[in-house]
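The lines below spell out each chain.
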Amino acid sequence: MKRAVIVLGLLSAVVGCDDGDGASEPEQDAAVQDAARPDAEGPDAAPPDAGDLDAGQDAASPDAVVPDAAVDAEPGPDARPPRRPDLLPMPGPADLPGAPDLTVPVPAGRARAGRIDDPAEVPTGNEARCGEGSFRLDNARISACVEGFTTFSLLTYTGGGLVDLAWADRPGSDRFEQLVVAPGLGEVGAEMIGIVADGADGGSAVVQVVGRAGGGRLLQGYVAGSLVPAPVRVITEYALAPDATEIEVRTWLEGEGAQGAFLMADMALFGDQTRSFVPGTPLEGALPRVAPFLAAQGEGIAYGYRNLVGDVTAYTLPIDDFPVTPINLGQATVRFGDLVLFERSVMIAPDIEALRPADPEAVDVAVRGPAGAVVRIDDGEKLVTEIVIGDEGVRIARLRQGRFRASSVGWSGGDVTGQAFEVGAAGAEVVLALAQAGDLHVTVEDQHGRRLAAKLWIEPAGGGARRIEFVVDEGTFALPAGEWRVVTSRGWHYGADDRVVTINAGGAVEHAVVLDEVIPFEGWTSGEFHQHATPSTDSDTSLDRIVLMNLGDGVGFMVPSDHDVQADYAGHVARMGLGDRITVPITGVEISPVVAHIGAYGIPLDALPAAGGAPPRAVHEDGRWRLLTIPELVQASRDLGARVVQLNHPRASQGLFDLVGYRPSIDVGTLAEHPQWTLDFETLEVFNDSEGYCDVLADWLGLLNQGHTITAVGNSDTHSVGRPAGFPRNYLRTAADVPQGVTGDEVTAALRGGAVMVGGGAMADLPDGPLPGSMVRVDGDTYRARVRVRTPPWAKADRLLAFHNGRVVVDRALDTVDADIVDLDAVIDVPVDADGPLVFLVVGTPQLPYVRQGAPLFALINPLWLDHDGDGAITPVGAGPIELPPLSLCR
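In this convention, every chain numbers its residues from 1, walking through the sequence in written order. In view of the model being predicted, local features appear only for residues whose pLDDT reaches at least 70, and side-chain atom pairs are presented and counted only at 80 or more, with totals across whole chains, interfaces and linings using the full set of residues. Note that water and hydrogens are dropped before the side-chain values are worked out from all heavy atoms of the structure.

Enquirer: Can you break down the state of the cysteines residue by residue, with the values?
Expert: Note on terminology: pairs of cysteine sulfur atoms within 2.5 Å are recorded as disulfides. Applying the stated rule across the entire model yields 2 disulfides. Disulfide pairing is shown between cysteine 130 and cysteine 145; the S-S distance is 1.5 Å. Judged by the torsion about the S-S bond (-95°), the cysteine 130/cysteine 145 disulfide is left-handed. Residue cysteine 130 is found in the loop between strand 2 (111-115) and strand 3 (135-139), and its partner cysteine 145 is found in strand 4 (residues 142-146); the two are separated by 15 residues along the sequence. Using a relative accessible area of 8% as the deciding quantity, one classes cysteine 130 as buried. Helix and strand definitions here come from DSSP, where helices need a minimum of 4 consecutive H or I residues and strands a minimum of 2 consecutive E residues; each element is numbered from the N-terminal end. Type-normalised accessible area, obtained with a 1.4 Å probe on protein chains alone, sets the label of each residue: buried when under 20%, exposed when over 50%, and partly exposed for intermediate values.

This is the structure we're talking about:
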């Protein structure tokens, strides 16, 4: 639910219009001359004041009134001549057809551009974002992709950005997320994208994007109407030379009317599967504001970003919780007729060391160790470089004379930290003392011999850092020599295997695991509706990983909910070959304005409106940008095809109930005047985190008492592997033979009809019916229901409660032990004195050792609607306080 700050990555810009009272003409001339140098301010210059930028941007918005002094229809007789760089855009039109077959390898000494027109030409990998209609740039060494007009990005409304960068001979090696040209913290609305040089003449291949600056999709979702760039014409070329390992990015800002002061940069996200590296970062302290380049290391690939005429400088936005940190490329003044050039490059290499600029004072240092070892080198105070040792067991680093330290990163045999060495005039040789690992080979099956996916917790037997892995049937894991505790589990429908194994250096251990299914599904399936992976800017979980997380914890279906973007999870599951193990029956997105978050499910996946079809948080109408309200976002979702809308974590930092002041004792009709209030949602996330569970439970019971048939759900809201997917989860019926056979229609019907049970370490149901959400006629003052509660052999439920009209009418202790599977199977007599909802809640000791340690055990059955007066309808009791008894799951 919270957005983490990505320190490296989004490089952005601010554009403002001169109000006519600014610099004198000679000063403006100097500024324009400096415009050819994106670092014109110098690396130590402070960024413009945020307040000044806000004022300037509003004046520069496309719909603001621009003072006469800010517009030059034609240069006057006394105006200085337009400034033009030596390097101009390639002449158009950008309509070359390009190479006809992009699946053919490019020979050395050549470069190629082509349009993707066949699925076989689409790049692959967890971060691959290109699709048909996009443009590839290839040579013998690397492959890149520039989006066509469509985009799955949440950052922009249109395409034209660099979105994939990989080794040409390693399909699937892409870890790069996105580069967006962003003048004025906005974006370039692409009007033309095409090939201006196809490389057929032996030169560079070039894709050109032409458009106009405008408000950015992401930023306007935070501060609509502020920081809107002037609508200058922007030309960007992405160029790949033969045998090069970098994409040169050249952007020209063209002055056609309004003059403006530009703070120029880019938006660049290296990808969540990379580890950031900023040279000169103190070992203790904040990241440096100025760096010669930015970099990130992924598995088998590293990326770098550099400004070709200066350093890269950070810029602090005056916006709380913005998920990226802008990087200032420099300022320039643009007037009528000017063409201002900014140049930078995006690089690809095996490691960070290969991205560093040449240093004439450096000498060779041979670092020896096992192939594939990642080693960070520091000088005792700050980071210097990072290397990956090659297949021959050595990597040459270029270092100046002095004292350094080497530390391995994630070595399977155990890391070495701070191994000191000294570099002299003749260089140095460093032999890393890295131990050899051993292998743990794991196979998992159930009691009937069927192979299973499972989750592994691996930690030193004597205690220490835990490693979380996943297997589909079997897997091999390299571990340092020693005693290891290995826990294999598959959610709470199965038993768990908890053993200590001994790993010897260079050896291998066979670890066969049998997990008994103890709670069969018997026509039920389970899944959840709130989880994040790499499409969310605040998640470091890859698409592969999130699928395995769900599989490993025994989830039958998964529904994504990335922030403000829809991604093709169903397609990714199919590409992983796991479509017979888990399903993605419906699309999902978490619409994430600052004030509250809502989930929308069933919007068709579509790149044409950007962000995979997700609704934007701001609109441009009547000449102004403005933020949409929560009711408007809900309606926009329904207009796009949402079949279910969910209110997420309503008592959290982005919670609607706190925002509008709702309490169970308040008649919701009195909230109708609040612009953010709505009850137009089918489901409410009652459990997102145990911190606020009981408050939201009371809120929900209060809404039920007022006659609102809202289905309670429970979700993990996982953003990382440390927070397991599927805890809690939601149970619903399916006609399929297996839980993963559930359909989108079944999911939608269950959510809309309330036929859902929520479980966290336990499953509670009504074996004799009816389904939750049903209306039941009650003759007399007692309703009898058979309630069954089941838990795995390593957990137990100890209490059953029944709420009728928000009051506790049954509170029964359960006398069970951990080994019991069935903690309760009994007919419960429920006293009834009026129409209203009946909710069953089960709680247990808040300890789930093999799911989420310390988490509360609970299960909830959505309401049966009891018709006590027999009129075929429910007469609600209305608003009133809800007083919950002390519960073990409340904090």
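Enquirer: Can you tell me about the confidence of the model for the protein, naming the residues and giving the values?
Expert: Detailed reading of the predicted coordinates is not advisable wherever pLDDT falls low. Looking at any residue, its pLDDT shows the predictor's confidence there, from 0 to 100. Summary statistics for the protein give a mean pLDDT of 87 and a share of 89% for residues scoring 70 or more. Should any heavy atoms of two residues lie within 4.5 Å, those residues are considered in contact. In the model, residues 1-78 has pLDDT below 50 throughout and makes 211 contacts with residues more than four positions away in sequence or in other chains.

Enquirer: Tell me what's going on with the sheet that holds strand 38 (residues 598-601), and back it up with residues and numbers.
Expert: The criterion for strand pairing is that DSSP finds at least two bridges linking the strands in question. Ordered by their spatial adjacency, 5 strands build an open sheet running 37-38-41-42-43, and the pairing between neighbours is mixed. The sheet terminates laterally at strand 37 (588-591) and strand 43 (711-714), the two strands that pair on one side only. Pairwise comparison of adjacent strand axes, ignoring direction, gives a mean angle of 30° for this sheet. Taken together, the 4 bridges between strand 38 and strand 41 (residues 644-647) define a ladder with antiparallel strand orientation. Angles run from 0 to 180 degrees between N-to-C directions of axes, and those axes are lines fitted to C-alpha atoms, restricted for helices to the stretch in contact.

Enquirer: Go over helix 6 (residues 630-640), please, and point to the residues and values.
Expert: Residues of helix 6 that are buried include every one of Ile630, Leu633, Val634 and Ser637, and no others. When helix 6 is viewed along its axis, its buried side chains cluster within an angular range of 100° and face the same direction. On its buried face, helix 6 sits against strand 37, strand 38, strand 41 and helix 7 (656-660). Phi turns positive one or two residues past the end of helix 6, at glycine 641, with a value near 115°. The arc in question is the one traced by the directions running from the helix axis out to the C-beta atoms.

Enquirer: Would you mind going over the packing of aromatic side chains in detail, with residue names and values included?
Expert: For Phe, Tyr and Trp, where Trp contributes only its six-membered ring, two rings pair if their centres lie within 6.5 Å, and the inter-plane angle classes them as stacked under 30 degrees, edge-to-face over 60, or tilted in between. Under the defined criterion, the tally for this structure stands at 15 aromatic pairs. Pairing phenylalanine 176 with phenylalanine 270 gives two aromatic rings, centres 6.4 Å apart and planes at 65°, and the pair type is edge-to-face. Here phenylalanine 176 is found in the loop between strand 5 (162-167) and strand 6 (178-181), whereas its partner phenylalanine 270 is found in the loop between strand 12 (266-269) and strand 13 (275-277), with 94 residues between them in sequence. What makes phenylalanine 176 buried here is its relative accessible area of 1%. Ring plane angle 55° and centroid distance 4.8 Å describe the contact between phenylalanine 657 and tyrosine 662, whose orientation is recorded as tilted. Put simply, the rings of Trp492, Phe687, Tyr693, Phe727 and Phe858 touch in pairs and so form one group of aromatic residues. The cationic tip of arginine 466 hangs over the ring face of tryptophan 457; the distance from NZ or CZ to the ring centre is 3.9 Å. Only Lys NZ and Arg CZ are tested; either one counts as a charge over a ring when it is within 6 Å of the ring centre and within 35 degrees of the ring normal.

Enquirer: Report on the sheet that holds strand 25 (residues 402-408), specifying residues and quantitative values.
Expert: Overall, antiparallel pairing links the 4 strands, which are arranged 23-22-25-26 in an open sheet. Sheet topology places strand 23 (383-388) and strand 26 (419-423) at the edges, where each strand pairs with a single neighbour. Sheet twist, expressed as the average angle between the axes of neighbouring strands with direction ignored, equals 30°. In the sheet, strand 22 (residues 374-378) pairs with strand 25 via 4 bridges, with the strands oriented antiparallel. The partner of aspartate 378 across the bridge, within strand 25, is arginine 405.

Enquirer: Got a sec to walk through the pattern of salt bridges? Specific residues and values, please.
Expert: A pairing counts as a salt bridge when a side-chain nitrogen of Lys or Arg comes within 4 Å of a carboxyl oxygen of Asp or Glu. In this structure the tally under the stated criterion is 50 salt bridges. Among the salt bridges present, the one from arginine 129 reaches glutamate 177, with a minimum N-O distance of 3.1 Å. On the criterion of sequence distance, the pair formed by arginine 129 in the loop between strand 2 and strand 3 and glutamate 177 in the loop between strand 5 and strand 6 is long-range, its members being 48 residues apart. Across the pair, glutamate 177 and arginine 129 agree in class, each one buried. For glutamate 246, the salt bridge is made with arginine 306, and the minimal N-O distance between the two is 3.1 Å. Of this pair, glutamate 246 sits in strand 10 (residues 246-254) while arginine 306 sits in strand 16 (residues 301-307), placing them 60 residues apart in sequence. Given a relative accessible area of 30%, arginine 306 falls into the partly exposed group. By sharing partners, the salt bridges in this structure join Glu459, Arg466, Arg485 and Asp498 into a single network.

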